[in-house]
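Each chain is listed here by its residues.
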Amino acid sequence: MLLLLNMKKKIAIAIVIVVALLLIVGVLVYVMTIPVVNLGDVAFETVQRDFHGGVEVPKNVAITDEAAWTTLWNQMSANITPKPPAPEIDFANELIVGVFMGTKSTGGYSTEVTRIAKTDAKITVYIREVSPGPNCAVTLALTVPYHIVKMQKVDGDIDFSVTKDVTECPAP
């Protein structure tokens, strides 16, 4: 009789565990299938775009305060004399997005923010990076391509999506 009671307890515990696992899986499936709502494109304006910035390593940044903007501007203009003043940004209402390809050994490289989109989950900054193909004639000078834009300050995480393109040039 005691053996039969122990067996019933084990079966009951196993059933509870299986039901709990099914509930957990059901919740996970539900959460993963909640649709992301596209809230449209976010307007942005170019602050500066060039091929000779001072940010030597590739990176993408979102800047929300004056101190970080001043630090970035000083890094970008470290090799410029006289140093130009940083463009005025209203950080109460705007933020800066900067995309930097880092130092490249030749010309023919560029980077550009092409679109910024907002969903209910995040902000996505779409970037196009272009590199020269093997047959392209390029300048034999170091370049440091970058693009800085400003946009209305928004809530949410900022994600970067990079598309890499190669310029194809005809063989000489």
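Residues numbered from 1 in each chain as written. Predicted model: local features only at pLDDT ≥ 70, side-chain atom pairs only at ≥ 80, totals over all residues. Heavy atoms only, no water.

Enquirer: Hey, could you run me through the overall build of the chain in this one?
Expert: When helices and strands are tallied, the chain shows two helices and eight strands. Counted from the first residue to the last, the chain has its helices and strands arranged as α-β-β-β-α-β-β-β-β-β. Out of the 172 residues belonging to the chain, those deemed buried represent 29%. Across the chain, contacts joining residues at least 24 apart in sequence account for 80% of those joining residues at least 6 apart. As displayed, the chain has an accessible area near 11,200 Å², and 62% of this comes from carbon and sulfur atoms. (Helix = DSSP H or I, 4+ residues; strand = E, 2+ residues; numbered from the N terminus. Buried < 20%, exposed > 50% of the residue type's maximum accessible area, 1.4 Å probe, protein only. Contact = heavy atoms within 4.5 Å. Areas by Shrake-Rupley, 256 points an atom, 1.4 Å probe, with all protein chains shown as cover.)

Enquirer: Explain the sheet that holds strand S3 (residues 59–63) to me, please; I cannot follow it from the model alone.
Expert: Pairing between the strands of a sheet is mediated by backbone hydrogen bonds and can be parallel or antiparallel. Strands sit in the order S2-S7-S4-S3 across an open sheet of four strands; the sheet is antiparallel. The open sheet terminates on both sides in strands that have one partner only, identified here as strand S2 (44–50) and S3. Averaged over all pairs of adjacent strands, the angle between strand axes in this sheet comes to 15°, irrespective of strand direction. Both strand S4 (residues 94–100) and strand S7 (residues 146–152) contribute to a ladder of seven bridges, which runs antiparallel. Bridging from a neighbouring strand, Val99 pairs with His147 of S7. (Pairing = 2+ DSSP bridges. Axes fitted to C-alpha atoms, helices over the stretch in contact; angles between N-to-C directions.)

Enquirer: I keep staring at the packing of aromatic side chains and nothing clicks. Help me out?
Expert: This structure, assessed with the given rule, holds two aromatic pairs. Both rings, one in Trp69 and one in Trp73, keep their centres 5.6 Å apart while their planes meet at 50°; by these two values the pair is tilted. Placement of both Trp69 and Trp73 in helix H2 (residues 66–76) is noted, with a separation of four residues, approximately one turn of the helix. In this structure, Trp69 and Trp73 share a single accessibility class: buried. Between the aromatic rings of Phe100 and Tyr146, the centroid separation amounts to 6.0 Å while the plane-to-plane angle is 25°, which identifies the pairing as stacked. (Phe/Tyr/Trp six-rings, centres within 6.5 Å; stacked < 30°, edge-to-face > 60°.)

Enquirer: Explain the environment of Ala92 here, please?
Expert: Summarising the element assignment, Ala92 is placed in the loop between H2 and S4. For Ala92, a relative accessible area of 61% translates into the label exposed. For the pair Ala92 and Gln152, spaced 60 residues apart in the sequence, the C-alpha separation amounts to 9.4 Å.

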